[in-house]
Amino acid sequence: MTLGIRRRGASRSRTRIDWFLTGLRVVALGVIVIGLAAFIAQQVNSDNPFARWANPDATGLTGAQIQGLVVAGLSQGAMYGLIALGYSMVYGVLGFINFAHGEVFMVGAMTGMIASNKLADAGAWESNFIGSLVLIVLLATIASTATAVVMERVAYRPLRGSPFLVALITSIGVSFFIQNVSVVLLGPGAKAYPGLPEWLTAKYTPLDIQGTRILVIAVAALSMALLWFMVERTRMGRSMRAVAEDKEIAALMGINVDRTIVTTFAVGGAMAGVAGILWGLLFRSVVHTTGFLPGIKAFSAAVVGGIGNMGGAMAGGLTLGTAEAVGPLMILEPLGVSGVSQLRDAVAFAVLILVLLIRPSGLFGERLSAQDRA
Amino acid sequence: MSGRLAFSGAAIAFALLAAGCGGGSEDAEPAVTASAPAQPDHTGDGSLGTVEVPAGEAVQIRSLNAISADVAALGIPNQRGVELAIADYGAIRGFDVDMGTGLDDLCSADGGQAAAQTIVADDQVIGVIGTSCSGAAVAASPLISAAGMVMISPSNTSPSLTSDLAGTPGESYHPGYYRTSQNDLIQGEAVARFVYEDLGLTTAATIHDGDPYTQGLAQSFSDSYQSLGGQIVGFAGINKEDTDMVPVLTEFAAGAPQALFFPIFQPAGDFIADQAPEVPGLENTVLVAGAALLVDSFMQLPQSEGLYITGPDLRYGANTNQSTGKDAEAFLTAYEATYGSPPEGAYWAHSYDAATLLLDAIKAASWINDDGALVIDRAGVRQHLDGVTGYQGITGTLTCDDFGDCSAARLTVIRHDDKDDLDASKSNIVFQYP
């Protein structure tokens, strides 16, 4: 009897929660729609009653400014996407979140910083920039890949088969370890990349976009294409997908599971290394904590896109990067919210929550291995 | 006096009794002499208690500075300034001074509070040189004050820690707090005058990162600028971890400011300097960086070239610290000899002066008791610091006001023209105040 009452109570509260969630969805979407509408109204004519009702002080933005925001968001988002790939691939294959992946990215950025400064000292950075860039991308990729592979071998492989939380907490420990090793080896302060050649920092017509940002977006797109080719069209990629599907059956089919997992870490690490160099080119400054927040954002991006789904990781990165760049000024400011620039992270994580509310498996759907589905 | 006579009488009676019981009169005699008044002149009334340092042990002071992460360039020279000051000052009445291990304020309220709790747990500690960051001091100062200790900061500048310079204490002022750095109201006023009067720019924007230091500075700049007749067209905050500054800069660009004052730290400051010229509408905006960016690691960046940077007047010339006889040149020689490279941050001299002020105060408030121990009157340390007037330090002539502002306040603005010759930039002074 008590059981019955409890069950009825539970089902009633579930309904209330459902109502609450529906309400939350409506409110969140409503804020976005009204914010955007107010923004458009203020752009068209800041004297119309709706624009004035929303925020009497709004001045609107010029076309160039809007474009600048979107491009900044996309270039930051491309980096989130590249890092998110590492989270997503490892999750797809092992079903665990490697929180130290942000540090793999930081190692790439640090390696690039050291190498580019050495090249600048030798004069090669100025005389042969493209060659130097290719070299530092290679070095950073190698360093990040090595970090990821060693991390897997030393910290995660011995724990395979242990409860999910053990590996998760270990990854947090690994993250702190790598940060502190960086402090010991390189010191704690912010470290700069050398200056970039003028042709790269100049703006290019027709869209008047800075060369660095074009480069960042282009390199990210290229890396993504290479990765897609590798996963979908090569033998190694097929074994990765097979291991993701079901480790035991894959092993029975003659696939070397350990090697496949190492490769997954390595490829994720390589992507993070590329992202590290792009970060260096774009922001030209790196500290040992550089990997932390981008790591968290990239993890969010992976979830937004649908964790385990590679296309989703990239799309999630771009969505999150653009939303946090555009959201404060084009949705919150038109509604008269004050101090919007400090709400940047809040906007990013609000996007995460919103996506989870509306599509709990992410924009492009989760890809789970057979064990997880079971 | 009659009490003391009575005590002496009792002691003699006791001695006689002891002698009567058979020997031991040698032991009793010192008890008689101990009762004689033996305290030489010292400051303080004992109201905060005393600390007794037994013979052979060291007087304990502490350094609490931002010595890790991105702000280490600010805090490490501060800590080393204390180390060198202790070495130069020598012993106090024959007692060595020990700084212990340098503590870390993490440049945050949490860090300041945690370190302050460690410090107050040791009741031998007399005073602290620190914190580096105002945010940490807001949390540390009440604990240090309540323990009867003193803290002298070489680089806190938030007005809330002392006063508004017009007689009203700040909300985070606690007795026992002193500093040798300037109150931000002076920096805000100086930058406002520089931008409005010297550069002749009538619209400006300013940015902070939510820290009490940067927020207070942005606010004081904004207030001064408006009272001079300028117009603030942008006042916004960012997060310390932000890297993409295009959104906040775009927000400013809507108001078309002629000048942008950004009193924030690295690395956020690096990104502002780098990305501002890229944002449509800010191409010609004059950038003025705050004192937190007067560090070599910022000034070596290509994007910092051409910026104005404000900071304490670093032209110490032949100013000599009256307690140790050292001037800036001697300090810097010793610094490089000891640590291998010149100091990166701007507040090493403030830290040195802060440490010698504290050591002087300990000397003034202490005496040797009959056990040969050094006794330090905590109230006396504060009394001495409250009364500091015309003290000659490396930073200039220090005088403490009623709320702990002791700075030899003068502020300069430099124009940073060459990232490869920082000394030239640092001496390229285009404005000074007052």
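Residues numbered from 1 in each chain as written. Chains lettered and ligands numbered in written order. Predicted model: local features only at pLDDT ≥ 70, side-chain atom pairs only at ≥ 80, totals over all residues. Heavy atoms only, no water.

K.L.:
What's the story with the pattern of salt bridges in this structure? I'm lost.
P.N.:
Pairing between side chains becomes possible if they bear opposite charge and their charged atoms approach one another. For the structure on display, the rule yields 20 salt bridges over all chains. Close ionic contact of Glu152(A) with Arg157(A) constitutes a salt bridge, the shortest N to O distance being 3.3 Å. Linking Asp420(B) and Lys419(B) is a salt bridge whose minimum nitrogen-to-oxygen distance equals 3.6 Å. You can call Lys419(B) partly exposed: its relative accessible area is 25%. (Salt bridge = Lys/Arg side-chain N within 4 Å of Asp/Glu carboxyl O. Buried < 20%, exposed > 50% of the residue type's maximum accessible area, 1.4 Å probe, protein only.)

K.L.:
What should I look at first to understand the nonpolar core in this one?
P.N.:
Across soluble globular proteins, nonpolar side chains have a tendency to be buried as a group. In this structure, Leu85(A), Val195(B), Phe221(B), Leu249(B), Phe262(B) and Phe298(B) are the most contacted members of the largest nonpolar core, which totals 150 residues. No other element matches the 14 residues that helix α12 (residues 257-283) of chain A contributes to this core. Look past the residues within four positions of Phe298(B) in its chain and what remains in contact with it is Gln266(B), Gly269(B), Asp270(B), Ala273(B), Ala289(B), Leu293(B), Ser304(B), Leu307(B) and Ile309(B). Membership of the second largest hydrophobic core comes to 43 residues, among which are Leu84(B), Tyr89(B), Cys400(B) and Cys406(B). (Core = buried A, V, L, I, M, F, W, Y, C linked by side-chain atoms within 4.5 Å. Helix = DSSP H or I, 4+ residues; strand = E, 2+ residues; numbered from the N terminus. Contact = heavy atoms within 4.5 Å.)

K.L.:
How do you make sense of empty space enclosed by the protein when you look at a structure like this?
P.N.:
It is a probe the size of a water molecule, rolled over the atoms, that shows where empty space is left. Residue and element names in this part refer to chain B. As enumerated under the stated definition, the model contains six cavities of 30 Å³ or more in all. Of the volumes computed, that of the largest cavity is approximately 110 Å³. Considering the residues around the largest cavity, the lining is formed by Leu 74, Ser 132, Cys 133, Ser 134, Ser 155, Thr 157, Asp 211, Tyr 213, Phe 265, Ala 291, Ala 292 and Tyr 347. Lining the lining of the largest cavity are residues from two domains, each supplying at least three of them: domain 2 (51-181 + 315-403) and domain 3 (197-311 + 416-433). (1 Å grid on protein atoms, 1.4 Å probe; cavity = no way out; pocket = protein on both sides within 12 Å on 5 of 7 lines; lining within 4 Å. Points joined across faces, edges and corners; volume = space filled by probe spheres on them. Domains from an automatic or database assignment.)

K.L.:
What is the right way to look at the domain arrangement of chain A in this model?
P.N.:
Much of the literature gives interface size as the accessible area that the parts lose upon coming together. Residues and elements named next belong to chain A. Split into domains, chain A comes out as domain 1 (1-60) and domain 2 (72-373). One C-alpha centre belongs to domain 1, the other to domain 2, and the line joining them spans 32 Å. The interface is formed by 15 residues belonging to domain 1 together with ten residues belonging to domain 2. Each partner contributes to the roughly 1,100 Å² buried at the junction of domain 1 and domain 2, and carbon and sulfur atoms together form 77% of this total. When the buried surface of domain 1 facing domain 2 is broken down by residue, Arg 25, Phe 39 and Asn 55 rank first, second and third, together holding 37% of it. (Buried area = accessible area lost by both parts, 1.4 Å probe.)

K.L.:
So what exactly am I meant to see when it comes to the interface of chain B and chain A here?
P.N.:
At the junction of the two partners, chain B supplies 33 residues and chain A supplies 35 residues. In total, chain B and chain A occlude about 2,700 Å² of area from one another, counting both sides; carbon and sulfur atoms represent 54% of this. At the junction of chain B and chain A, the tally comes to three salt bridges. Residue Arg284(A) pairs with Asp274(B) through a salt bridge whose shortest N-O separation is 2.5 Å. Between the two partners, chain B and chain A, sit eleven residue pairs in polar contact (both at pLDDT 80 or more). At the level of secondary structure, the elements contributing two or more residues to the side of chain B that touches chain A comprise α8 (246-253) and α9 (268-275) of chain B. (Polar contact = N/O pair within 3.5 Å; in protein donor to acceptor, adjacent residues only side chain to side chain.)

K.L.:
Teacher, can you tell me more about the side chain of Asn78(B) here?
P.N.:
Residue and element names in this part refer to chain B. The residue Asn 78 is located in helix α3 (residues 72-89) in this model. Its relative accessible area of 0% is what places Asn 78 among the buried residues. A polar contact is formed between the side chain of Asn 78 and the side chain of Asn 65, at a distance of 3.3 Å. Filtering out sequence-adjacent residues up to four positions away, Asn 78 remains in contact with Asn 65, Ser 132, Pro 154, Ser 155, Tyr 347, Trp 348 and Ser 351.

K.L.:
Hey, could you run me through the packing of aromatic side chains in this one?
P.N.:
Any two aromatic rings considered together are summarised by their centre-to-centre distance and by the angle between their planes. Residue and element names in this part refer to chain B. Going through the model one piece at a time under the given rule, you end up with 20 aromatic pairs over all chains. With 5.4 Å between their ring centres and 50° between their planes, Phe 194 and Phe 431 make a pair best called tilted. One end of the pair, Phe 194, is in helix α6 (residues 184-198); the other, Phe 431, is in strand β18 (residues 429-433), and 237 residues separate them in sequence. Like Phe 194, the residue Phe 431 is buried in the burial classification. In textbook terms, an aromatic cluster arises when at least three aromatic residues are bridged by ring pairs, as seen for Tyr 316, Phe 331, Tyr 335, Tyr 339, Trp 348 and Tyr 352. (Phe/Tyr/Trp six-rings, centres within 6.5 Å; stacked < 30°, edge-to-face > 60°.)

K.L.:
What exactly am I supposed to notice about the pairing of strand β14 (residues 374-377) of chain B here?
P.N.:
On a regular strand, one side chain projects to one face of the sheet and the next to the other, so that they alternate. Every second residue of β14(B) is oriented toward a common face, with Leu374(B) and Ile376(B) on one face and Val375(B) and Asp377(B) on the other, all of them buried. A loop of five residues connects strand β13 (residues 366-368) of chain B with β14(B), the two strands running antiparallel in sequence, and Gly372(B) in this loop sits at a positive phi of about 80°. (Pairing = 2+ DSSP bridges.)

K.L.:
Before we go on, may I ask you to explain the sheet that holds strand β9 (residues 231-237) of chain B in this structure?
P.N.:
Hydrogen bonding along the main chain pairs the strands of a sheet, whether they run parallel or antiparallel. All names here are of chain B. Ordered by their spatial adjacency, seven strands build an open sheet running β9-β8-β10-β11-β12-β17-β18, and the pairing between neighbours is mixed. The sheet is open, and its two edges are formed by β9 and β18, each paired on a single side. For this sheet the average axis-to-axis angle between neighbouring strands, irrespective of direction, equals 20°. Pairing between strand β12 (residues 308-312) and strand β17 (residues 411-415): five bridges, direction antiparallel. Opposite Pro 312, over in β17, you have Leu 411 as the bridge partner. Of the strands in this sheet, β10 (259-262), β11 (286-289), β12, β17 and β18 are in contact with α6, which crosses β18 at around 125°. (Axes fitted to C-alpha atoms, helices over the stretch in contact; angles between N-to-C directions.)

K.L.:
Whenever I open this one, the pairing of β10(B) confuses me. Can you help?
P.N.:
Residues and elements named next belong to chain B. Both faces of β10 are covered, namely the face carrying Ala 259 and Phe 261 and the face carrying Leu 260 and Phe 262. Across three bridges, strand β8 (residues 203-208) lies against β10 in parallel orientation. By the bridge assignment for β10, Ala 204 is matched with Ala 259. The pairing of β10 with β11 spans four bridges and is parallel. Following the sheet pairing, Leu 260 is matched in β11 by Leu 287. As for the winding sense of the linkage, the β-α-β connection from β10 through α9 to β11 is right-handed. (Right-handed = clockwise from strand over helix to strand, strands pointing away.)

K.L.:
Would you explain the environment of Ala365(B) in this entry?
P.N.:
On the secondary structure map, Ala365(B) appears in the loop between α12 (348-364) and β13. Remark: the alpha-carbon pair of Ala365(B) and Pro280(B), spanning 85 residues in sequence, is separated by 61 Å.

K.L.:
Sorry, what's going on with the packing of helix α6 (residues 129-156) of chain A against helix α7 (residues 164-186) of chain A here?
P.N.:
Helix-helix packing: each pair is described by the crossing angle between the helix axes and the interaxial distance. Residues and elements named next belong to chain A. Look at α6 against α7: their axes get within 11 Å of each other, and the N-to-C directions meet at 130°. The angle between α6 and α7 falls in the class oblique. In the packing of α6 onto α7, the handedness of the crossing is right-handed. The residues of α7 that touch α6, namely those facing Thr 147, Met 151, Ala 155 and Tyr 156, are Ala 167, Thr 170, Ser 171, Val 174 and Ile 178. Of the residues assigned to the contact of α6 with α7, the class counts are six nonpolar, three polar and no charged. (Parallel < 35°, antiparallel > 145°, perpendicular 65-115°, else oblique. Left-handed = near helix turned anticlockwise from the far one by under 90°. Nonpolar A, V, L, I, M, F, W, Y, C, P; charged D, E, K, R; others polar.)

K.L.:
Explain the sheet that holds strand β1 (residues 50-53) of chain B here, please?
P.N.:
Residue and element names in this part refer to chain B. Here three strands make up an open sheet; going across it, the order is β1-β14-β13 and the pairing antiparallel. A strand with exactly one partner marks an edge of an open sheet, and here the two such strands are β1 and β13. Averaged over all neighbouring strand pairs, the angle between strand axes comes to 20°, with direction disregarded. Two elements, β1 and β14, share four bridges in a ladder whose sense is antiparallel. Its bridge partner lying in β14, Glu 52 is registered against Val 375. Against the sheet, helix α13 (residues 378-386) makes contact with β1 and β14, and its axis sits at roughly 60° relative to β14, the strand it touches most.

K.L.:
In this structure, what is going on with the state of the cysteines? I would like to understand it.
P.N.:
Linking two cysteines covalently via their sulfur atoms produces the bond known as a disulfide. Residues and elements named next belong to chain B. A complete count under the given rule lists two disulfides over all chains for this structure. Each sulfur of the disulfide joining Cys 107 and Cys 133 lies 2.0 Å from the other. Given an S-S torsion of about -95°, the disulfide between Cys 107 and Cys 133 has left-handed geometry. Taken as a pair, Cys 107 in the loop between β4 (103-104) and α4 (109-120) and Cys 133 in the loop between β5 (125-130) and α5 (134-146) lie far apart in primary sequence, 26 residues in all. The class of Cys 107 is buried, set by a relative accessible area of 5%. For Cys 400, the disulfide goes to Cys 406, at an S-S distance of 2.0 Å. Judged by the torsion about the S-S bond (105°), the Cys 400/Cys 406 disulfide is right-handed. One exposure class covers both Cys 400 and Cys 406, and it is buried. What links to what in chain B: the bonded cysteines, counted in sequence order, pair as 1-2, 3-4. (Disulfide = S-S within 2.5 Å.)

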